[in-house]
Amino acid sequence: MKVLILSVKTGYGHHSTAQAIINYFNEKDIECSMLDTFEYINPVLADSIDNGYLFSTKYIPEIYGKAYDKLDERVEKWDKMSIVSILSKLVSHKLKEYIRSYSPDVIIGTHSYACMMMTYLKEKNIVSCPLIGVLTDFTVHPFWESTDLDYYITASSLLDNQMKKKGINPDKILPFGIPIKKQFSQKNDKVNARKTLGIEDKTTILIMMGSMGFGNIIKEICDIDQLDIDFQILCVCGRNEKMYREISAKQWRKKIIPFGFVDNIDVMMDAADCIITKPGGLTTSELLAKKLPAIIMNPIRGQEDRNMEFLVNNGAAIMVTETFGIDEALYQIIKNPIRLELLEKSISYLGKPESTRDLCEFIIKLYNERKN
């Protein structure tokens, strides 16, 4: 069996989701590879799209959010003569020789735009294998209404109504969860995780705000540093070197341990009692799988707003607002055992630690049934 994943690099999550699927199939000795569609067509274009996404979400979030909201209002299929549709057809046309050469048995899309291309290839009879789309947030993004695939993987069955409003056949919806890497699929012992990290065995708070270190983290740490509660903080600054230097240089009441870009977030989640984070789709899936109570703040306007709403409305996170600060949120988690118990119950219900396995085993079964 040969599996091809089509992705679009807008942020970190789409490619990471693809990599989780690739890792599982590779362990089964099944050929699986990812193609960044825009990177294949034009690397400069791919970088421009990714940088444009990062710039707009960090520096002009209100404009990005309003554009997302406007697109999200649509429920009918996208106008075939729109710029987006025409670009999709042009890119799809350039992909057809690659796909014919690769000859996949299954194609997976981890971005709605990639799935629009897959739909076009299906309509033109360029592909005849099963097509599967993976939604990488706890919402249904714009443009999914313009796709026609065999199956759709969602974060939760609680999104079924949104999918229905987008015109997706309920029989095609598989709420396996967003695929995550193997190291997030089980919760490991806190004491051992803290030993691995070389930190004290005490109440531990993990702070992470994406690979670019979004938000005014220094101010937030200052607020919780004043709490008369004993805990330590692990702060992942990502590629935000300025934040790392400032945290390292400042004198704190509590033990604050800053990190740059790391590859052991799973161990940090195991070591933590609570996470303070922005609600990216992949991060949300990982923390739910790790059964880690969350305080949500600094969402990117658009999809992360909706991720936050999903978590809070389903009792799986506490939300920071202008009138309910980070110190209040953390104080209530630590001091209110009933609230913590309710969070943990909701997290256990929503978490999909075996999301990658469930998707990949479904694909293997699907392939074997078609083959026979």
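Relevant structure appears above.
Residues numbered from 1 in each chain as written. Predicted model: local features only at pLDDT ≥ 70, side-chain atom pairs only at ≥ 80, totals over all residues. Heavy atoms only, no water.

Asker: How do you make sense of the overall build of the chain when you look at a structure like this?
Answerer: Counting its secondary structure elements, the chain contains 16 helices and twelve strands. Burial statistics for the chain: of 372 residues in total, 54% are counted as buried. By sequence separation, contacts in the chain at least 24 residues apart represent 71% of the contacts at least 6 residues apart. When the accessible surface of the chain is totalled, it reaches about 17,000 Å², and 50% of it is carbon and sulfur. (Helix = DSSP H or I, 4+ residues; strand = E, 2+ residues; numbered from the N terminus. Buried < 20%, exposed > 50% of the residue type's maximum accessible area, 1.4 Å probe, protein only. Contact = heavy atoms within 4.5 Å. Areas by Shrake-Rupley, 256 points an atom, 1.4 Å probe, with all protein chains shown as cover.)

Asker: Is there a simple way to think about the packing of aromatic side chains in this case?
Answerer: Each pair of aromatic rings is reported with the distance of its centres and the angle of its planes. Summed over all chains, the structure comprises five aromatic pairs. Their ring planes at 80° and their centres at 5.0 Å tell us that Tyr151 and Phe362 sit as a pair that is edge-to-face. Of the two residues, Tyr151 sits in strand E5 (residues 151-153) while Phe362 sits in helix H16 (residues 355-371), which places them 211 residues apart along the sequence. Tyr151 sits in the partly exposed class, given a relative accessible area of 22%. Here the aromatic cluster, defined as three or more aromatic residues joined through ring pairs, consists of Tyr151, Phe176 and Phe362. Lys254 extends its terminal NZ or CZ atom over the ring of Phe231, reaching a point 5.0 Å from the ring centre. (Phe/Tyr/Trp six-rings, centres within 6.5 Å; stacked < 30°, edge-to-face > 60°. Lys NZ or Arg CZ within 6 Å of the ring centre and 35° of its normal.)

Asker: What exactly am I supposed to notice about the sheet that holds strand E4 (residues 131-134) here?
Answerer: Think of a sheet as strands paired side by side through backbone hydrogen bonds, with each pair either parallel or antiparallel. Pairing in this open sheet of six strands is parallel, and the strands run E2-E1-E3-E4-E5-E6 from one edge to the other. The sheet is open, and its two edges are formed by strand E2 (31-36) and strand E6 (173-174), each paired on a single side. Relative to E2, strand E1 (residues 2-7) runs parallel, the two sharing six bridges. What sits directly across from Val3, in E2, is Cys32. Relative to E2, helix H1 (residues 13-27) is tilted by about 165°, and along the sheet it contacts E1, E2, strand E3 (106-109) and E4. (Pairing = 2+ DSSP bridges. Axes fitted to C-alpha atoms, helices over the stretch in contact; angles between N-to-C directions.)

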